[in-house]
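Structural overview for review
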Amino acid sequence: YKLSVSPEMDIMEYCRKEWRGNTPVAKRMRKGYEAVAQKFASIRRIRGDNYCAFRATLFQALSQTTQLPRWLQSEDFAMLPENLLSKYDWIKQWQLKQKPGKKMGEISDAIKEYLILLREKWKNISEIKDPLEKQEACDKLFKNEEEEYSLYEALKFLMLNTAIELYNADKSGRRVPVFSWLLFARDTSSNPCQLMHNHLNHIGHSGGLEQVEMFLLGYALQYTIQVYRLYKYSTDEFVTLYPNDPEEDWPVVTLITEDDRHYNIPVRMCQETML
């Protein structure tokens, strides 16, 4: 049995355990962790499969949520798969985790179910006032493997929907964020259909999220994902925001990465930081 989010551990203790040597890389990592430890007391390790960016982001978002995001409240939220499938035939090739080769109607029903689950879980956790109780509810959710993976399917589909919106906006001459150009400038994702086939369908199976997809995830959730990129310590990319020009009222979640592939989460903000 694998823990999805392991219990918290002192951040510097974790660092000393992981980075003992005197190589330039180890020294840089220790400096990076020291900088994070100015703001956060502990770290929680995130299970390292190809879903870790989703897992870290969603766990952080849920553990500090106090209200249901606006986009989750919309009437037609659960109709999204049906609406998109009626316009874009190629979405039939969406790969569901553990359910490859589904037919169109089944894909639509399955994703609808995942989206409803996401809304229900988010609503329930956002209504818990006691921080300890909220944390317990999150821990419990991330121990239920089937529900957890269903939520990641929902996030992937929201990313596809956002990508389609951005692509169409750009084609009709409206302003789009810079990352959207980068997303569709790749040979492997010059349009949403290719993005689905070559990237989104593989997330969780044979690969994780690339950096430009972190922008898309933040944009889809309307969250700013702030990442301490430890190997970039002492450069201006040490703390990176996804998206890098977020709306002011978007909530912020914080992650830590040593290599832009695996993400952990810092917890317990130091008192003076909170003030």
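Within an unreviewed UniProt entry, the label attached to the chain reads OTUL thioesterase, and the organism entered is Lanius ludovicianus. Turning to the chain, the UniProt record has this under Subcellular location (unreviewed entry): "Cytoplasm".

This part takes up the overall build of the chain. A count of helices and strands for the chain gives 12 helices and 6 strands. Against the 2.2 N^0.38 benchmark of 19 Å for 275 residues, the chain shows a C-alpha radius of gyration of 19 Å, consistent with a compact globule. With the C-alpha coordinates of the chain rotated into their principal frame, the extents come out at 55 × 40 × 35 Å. Evaluated residue by residue, the chain yields a buried proportion of 50% over its 275 residues. Surface exposure of the chain reaches about 14000 Å², of which carbon and sulfur atoms provide 49%. Computing the positive centroid from 37 side-chain charges and the negative centroid from 39, the chain places the two 3 Å apart.

All right, on to the pattern of salt bridges then. Enumeration according to the criterion identifies 17 salt bridges in this entry. In this structure, the salt-bridge partner of Arg 47 is Glu 145, at a minimum N-O distance of 3.3 Å. Within this pair, whereas Arg 47 is found in the loop between strand S2 (40–44) and helix H3 (52–63), its partner Glu 145 is found in helix H8 (residues 145–171), the two being separated by 98 residues in sequence. When its relative accessible area of 14% is taken as the criterion, Arg 47 is described as buried. Note on Glu 145: relative accessible area 39%, which makes it partly exposed. Lys 123 is paired through a salt bridge with Glu 127; the nearest N and O atoms lie 2.8 Å apart. Looking at Glu 127, the relative accessible area reads 44%, which means it is partly exposed. Through salt bridges with shared partners, a single network forms among Arg 229, Lys 232, Glu 237 and Asp 260.

Evaluation of the coordinates by the stated rule reveals 19 aromatic pairs. Seen in terms of ring centroids, Trp 71 and Trp 122 are 5.9 Å apart; in terms of plane orientation they differ by 85 degrees. Their pairing is edge-to-face. Of the two residues, Trp 71 sits in helix H4 (residues 70–73) while Trp 122 sits in helix H6 (residues 104–126), which places them 51 residues apart along the sequence. By relative accessible area, which is 13% here, Trp 71 ends up buried. According to the relative accessible area criterion, Trp 122 is buried, its value standing at 0%. Measuring from centroid to centroid gives 5.6 Å for Tyr 88 and Trp 90, while their planes differ by 45 degrees, and the two rings are tilted. Through successive ring pairs, a cluster of aromatic residues spans Phe 179, Phe 215, Tyr 219, Tyr 242 and Trp 250.

Taken together, the side chains of Val 178, Trp 181 and Leu 182 make up a nonpolar region of the molecular surface, amounting to roughly 320 Å² of accessible area. Its relative accessible area of 49% is what places Leu 182 among the partly exposed residues.

There is a patch of like negative charges on the surface, built from Glu 82, Glu 106, Asp 109, Glu 113 and Glu 146. Residue contributions to the negative patch peak at 3 residues, all from H6. With respect to the secondary-structure elements, Glu 106 resides in helix H6. Judged by its relative accessible area of 37%, Glu 106 falls in the partly exposed class.

Moving on to helix H9 (residues 178–185). What H9 keeps buried is the set Phe 179, Ser 180, Leu 183 and Phe 184. Burial along H9 is one-sided: seen end-on, the buried residues are contained in an arc of 130 degrees. On its buried face, H9 sits against H8, helix H10 (192–198) and helix H11 (211–221).

Let us look at the UniProt feature "site: Linear diubiquitin binding" (unreviewed entry) in the chain. Under the UniProt annotation, "site: Linear diubiquitin binding" (unreviewed entry) lies at Glu 237. Within the secondary structure layout, Glu 237 lies in the loop between strand S3 (224–229) and strand S4 (239–242). In this structure, Glu 237 is in contact with Arg 229 and Lys 232, ignoring residues within four places of it in sequence.

Reading the values: rules and limits
- Here the residue numbering is sequential within each chain, running from 1 through the sequence in written order.
- Two thresholds apply to this predicted model, a pLDDT of at least 70 for residue-level local features and 80 or more for giving and counting side-chain atom pairs, whereas whole-chain, interface and lining totals are computed over all residues.
- The side-chain quantities take in all heavy atoms of the structure and omit both hydrogens and water.
- UniProt positions are given in the numbering used here, feature names are shortened, and annotations may be inferred rather than shown by experiment.
- Helix and strand assignments follow DSSP, with helices taken as H or I runs no shorter than four residues and strands as E runs no shorter than two, numbered in order from the N terminus.
- Each radius of gyration is computed over the set of C-alpha atoms, and the globule rule expresses the reference value as 2.2 Å times the number of residues to the power 0.38.
- With a 1.4 Å probe rolled over the protein chains alone, any residue whose accessible area is under 20% of its type maximum counts as buried; one over 50% counts as exposed, and the rest are partly exposed.
- Working definition of accessibility: Shrake-Rupley area with a 1.4 Å probe, residue cover restricted to the visible protein chains.
- In this charge count, Lys and Arg are treated as positive and Asp and Glu as negative; neither His nor the chain ends contribute.
- Taken as the charge location is NZ of Lys, CZ of Arg, CG of Asp or CD of Glu.
- Each salt bridge in this description consists of a side-chain nitrogen of Lys or Arg and a carboxyl oxygen of Asp or Glu lying within 4 Å of one another.
- Pairing of aromatic rings covers Phe, Tyr and Trp, the last through its six-membered ring, and needs centres within 6.5 Å; plane angles under 30 degrees mean stacked, over 60 mean edge-to-face, and all others mean tilted.
- Patches here: salt-bridge-free residues with over 30% relative accessible area, like charges joined within 9 Å, nonpolar side chains (Val, Leu, Ile, Met, Phe, Trp, Tyr) joined within 5 Å.
- By definition, the arc is the one covered by directions from the helix axis to the C-beta atoms.
- The criterion used for residue contact is that any of the two residues' heavy atoms lie within 4.5 Å.

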